[in-house]
Amino acid sequence: MIMSRFITLVSAWLLVSSTSCNALNIVIPGGTGKMGRQLASNLGAKGHSVTILCRNAFLAAAPSRVSSDFGWVGRSYLNANPRVSLRDWDGGDLLDIVGQDWLGWQDDALEPADCVVNLCGGMTEQRVMACERIVRESLRVNPAAMQITMSPIDDDLVMKLKRDRVALCEKMVTDNCLASKCLRAEINDIDGACAQIMEVIDSL
């Protein structure tokens, strides 16, 4: 019985060691959506630490969704994913902030990041502003971090204006960041999109 318990403890230690030795700090702006929640769970299960940047961490962590205007993951999700945390940020638009603790997000989240995965949704001008904010602040505090963007394929973007905005964000990243990967997936292929992102992160 003692030997069996010893083997169990050694196995658990080896499992923890194997997941933690390659553990990375991952930041996911716009990660409160369905794709972000799934990706963060997958990353946490591999031992990575994940910080989701959101416009109001208090509302995002509430037991029930308070407003459809702001992202939400829920308290039960955070309890089930202890390696995932939330952090207020300004999202590039200071007029659209209700979070109380967004100051200093760059130093708290971006500076220690190994990888930034931009999942800011919507094809509005807000997407462009958020991308610019991420790139500018990353270059200031942590230019070596891998920058990953995930966007819909052109066939899923009916309006030329939306295609142009996605292309502008991708160009902003590739032209300015030392390490970057701009990925595309069908808009409803969440599993495929997450798999692409995980493949890039696994190669770091």
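In this report, we go over the structure that sits alongside the text. Bear in mind that the values here come from a model prediction, so they are computed numbers and not experimental data.

1. Details of the side chain of Asn56
- Note that Asn56 resides in the loop between β2 (49-54) and α3 (57-60).
- For Asn56, a relative accessible area of 8% gives the class buried.
- There is a polar contact of 2.8 Å between the side chain of Asn56 and the backbone nitrogen of Leu59.

2. Things to note about the packing of aromatic side chains
- Inspection of every chain in the model, using the stated rule, returns one aromatic pair.
- Here Trp89 and Trp105 contribute two aromatic rings whose centre-to-centre distance is 5.2 Å and whose plane-to-plane angle is 80 degrees, an arrangement assigned as edge-to-face. Here Trp89 is found in the loop between β3 (84-88) and α5 (105-110), whereas its partner Trp105 is found in helix α5, with 16 residues between them in sequence. Trp105 carries the same exposure label as Trp89, and that label is buried.

3. Points about a nonpolar patch on the surface
- Together, Val158, Met159 and Leu161 line one region of the surface with nonpolar side chains, adding up to about 310 Å² of accessible area.
- Here Val158 is to be found in the loop between β5 (146-152) and α7 (160-176).
- Classification of Val158 by relative accessible area gives exposed; the value is 74%.

4. A look at the sheet that holds β3
- With respect to topology, six strands assemble into an open sheet ordered β3-β2-β1-β4-β5-β6, the strand pairing being parallel. This sheet does not close on itself; its edge strands, each paired only once, are β3 and β6 (180-185). Averaged over all pairs of adjacent strands, the angle between strand axes in this sheet comes to 20 degrees, irrespective of strand direction.
- Relative to β6, β5 is paired through six bridges, and the arrangement is parallel. Bridge pairing links Gln147 to Ser180 in β6.
- In this fold helix α2 (residues 34-45) packs onto β1 (25-29), β2, β3, β4 (115-118) and β5, with an angle of close to 175 degrees to the strand it touches most, β1.
- Docked against the sheet, helix α6 (residues 125-141) engages β1, β4 and β5, running at close to 170 degrees with respect to β5.

Reading the values: the criteria
- Residues numbered from 1 in each chain as written.
- Predicted model: local features only at pLDDT ≥ 70, side-chain atom pairs only at ≥ 80, totals over all residues.
- Heavy atoms only, no water.
- Helix = DSSP H or I, 4+ residues; strand = E, 2+ residues; numbered from the N terminus.
- Buried < 20%, exposed > 50% of the residue type's maximum accessible area, 1.4 Å probe, protein only.
- Polar contact = N/O pair within 3.5 Å; in protein donor to acceptor, adjacent residues only side chain to side chain.
- Phe/Tyr/Trp six-rings, centres within 6.5 Å; stacked < 30°, edge-to-face > 60°.
- Patch = residues over 30% accessible without salt bridge, like charges linked within 9 Å, V, L, I, M, F, W, Y side chains within 5 Å.
- Areas by Shrake-Rupley, 256 points an atom, 1.4 Å probe, with all protein chains shown as cover.
- Salt bridge = Lys/Arg side-chain N within 4 Å of Asp/Glu carboxyl O.
- Pairing = 2+ DSSP bridges.
- Axes fitted to C-alpha atoms, helices over the stretch in contact; angles between N-to-C directions.
- Contact = heavy atoms within 4.5 Å.

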